[in-house]
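If you want the building blocks of each chain, they are given just below.
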Amino acid sequence: MSVLVNKNSKIIVQGFTGSEGTFHAGQMIDYGTNVVGGVTPGKGGQEHLGKPVFNTVKEAVDKAAADTSIIFVPPAFAADAIMEAAEAGIKVIICITEGIPTADMVKVKAYISNKDCRLIGPNCPGVITPEEAKVGIMPGFIFKKGNIGIVSKSGTLTYEAADQVVKQGFGISTAIGIGGDPIIGTTTKEAVELLMNDDETHAIVMIGEIGGNLEAEAAKWIKADGNRKPVVGFIAGQTAPSGRTMGHAGAIVGGAEDTAQAKMKILAENGIHVVSSPAKIGVMVASVLKK
């Protein structure tokens, strides 16, 4: 059992022959991920990194039985790439692309709402089920197999949390980088819910940041769900001035409830073990599991 991706996932790379797609697909293949091919319009029939290139996602689904896609397509074309994957029947669509116009993502969100698929991202590091499938840009060597799930808006803090959990003698079931844009496919709550319902995940690390209400929604759901598994929470941006954009497009403190301090309070009120520094994530995971 794993969440979203595993050793049986049949993965294609959209934007396969571009520089980003080539580099990261190579890393994914080296990790042992089951990459069955890639898509670059006009280059169908060729071979790249020892894998077939298809002209369309539908062709990749028909010929290679692809069920998962990772997208390294420039921002201007990425929305079309997501919708093409959804239309072709891809079940898990992971979009790494940063800088997709918000207006484009509004269309994407509406388009995929009645499709049988799940979008992770955009502007995210991807998803990894350690020692089975790395569908993203994360450094695979940091992640060891285990029972701690990670949900994070931040790519860098995903790796930091994994590193700390591993150094405490635990491992990761699946880590999901949801992305930091204002409009994303899978929310914090939805990602946490996937891990809550995964038998092999015994605890969850939830990393958020200033801006928006995704973490508050997730915290309230966790409590309403009965706090079935311990959740360790961290909110980035504690020193950010109100009203200032910090890093991610989604990280704008809009009102009193958007600040890191307000979010940390909401998390704590809903039974989440909140840490004030990312350096304390691993220690907190160890302490809640040893209780």
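The text that follows walks through the structure, step by step, so that each part is easy to find. Predicted model, so just to flag it, every value in this text is computed and none were measured. (Residues numbered from 1 in each chain as written. Predicted model: local features only at pLDDT ≥ 70, side-chain atom pairs only at ≥ 80, totals over all residues. Heavy atoms only, no water.)

### Some words on the packing of aromatic side chains
In this structure the tally under the stated criterion is zero aromatic pairs. Above the plane of the ring of tyrosine 111 lies lysine 115, whose end atom (NZ or CZ) is 4.5 Å from the centre. (Phe/Tyr/Trp six-rings, centres within 6.5 Å; stacked < 30°, edge-to-face > 60°. Lys NZ or Arg CZ within 6 Å of the ring centre and 35° of its normal.)

### Remarks on helix H4 (residues 102-112)
For H4, the complete set of buried residues consists of Asp104, Met105, Val108 and Ile112. End-on, the buried residues of H4 take up no more than an arc of 95°, which puts them together on one face. Projecting away from the buried face of H4 at angles above 90 degrees are the exposed residues Ala103, Lys107 and Ala110. On the buried face of H4, the contacting elements are helix H3 (75-88) and strand S7 (118-120). (Buried < 20%, exposed > 50% of the residue type's maximum accessible area, 1.4 Å probe, protein only. Helix = DSSP H or I, 4+ residues; strand = E, 2+ residues; numbered from the N terminus. Arc of directions from axis to C-beta. Contact = heavy atoms within 4.5 Å.)

### Considering the environment of valine 151
Of note, valine 151 is situated in strand S10 (residues 145-152). Valine 151 sits in the buried class, given a relative accessible area of 1%. Each C-alpha atom of the pair valine 151 and isoleucine 71 lies 20 Å from the other, and the pair is 80 residues apart in sequence. Once residues lying within four places of it in the same chain are set aside, the contact partners of valine 151 are Ile176, Ile178, Thr188, Ala191, Val192, Leu195, Val205, Met206 and Ile207.

### Points about the nonpolar core
Counting 45 residues, the largest nonpolar core has Ile70, Ile94 and Ile176 as its most contacted members. Here the element with the most residues in this core is helix H7 (residues 214-224); it accounts for six residues. Discounting residues that sit within four places of it in the chain, isoleucine 94 has contacts with Val5, Ser69, Ile70, Ile71, Ile120, Cys124, Gly126, Val127 and Val135. In this structure, Phe54, Ile71, Ile100 and Met105 belong to the second largest nonpolar core, which totals 28 residues. (Core = buried A, V, L, I, M, F, W, Y, C linked by side-chain atoms within 4.5 Å.)

### Brief notes about the pattern of salt bridges
By the definition in use, this model includes eleven salt bridges. Measuring nitrogen to oxygen at the nearest pair gives 2.9 Å for the salt bridge that ties lysine 58 to aspartate 62. Of this pair, lysine 58 and aspartate 62 both sit in helix H2 (residues 57-64), four residues apart, which is roughly one turn of that helix. Here aspartate 62 falls in the exposed class, since its relative accessible area comes to 54%. Residues aspartate 225 and arginine 228 are paired through a salt bridge, measuring 2.7 Å at the closest nitrogen-oxygen approach. With a relative accessible area of 25%, aspartate 225 lands in the partly exposed category. Taking relative accessible area as the criterion, arginine 228 reaches 42% and is therefore assigned partly exposed. Three or more residues are tied together by salt bridges with common partners; here these are Lys153, Glu215 and Lys263. (Salt bridge = Lys/Arg side-chain N within 4 Å of Asp/Glu carboxyl O.)

### Description of the sheet that holds S10
Reading across the sheet, the seven strands line up as S9-S8-S11-S10-S12-S13-S14 and stay open at both edges, with mixed pairing between neighbours. In this open sheet, the two strands that pair with only one neighbour each are strand S9 (133-136) and strand S14 (273-274). Sheet topology note: the S10/strand S12 (residues 203-209) ladder contains five bridges and is parallel. Looking across to S12, one finds that serine 152 is bridged to isoleucine 207. Packed on one face of the sheet, helix H6 (residues 188-196) meets S10, strand S11 (172-177), S12 and strand S13 (231-236) and runs near 165° to S10. Contacting S12, S13 and S14, helix H8 (residues 260-269) crosses the sheet at an angle of about 170° to S13. (Pairing = 2+ DSSP bridges. Axes fitted to C-alpha atoms, helices over the stretch in contact; angles between N-to-C directions.)

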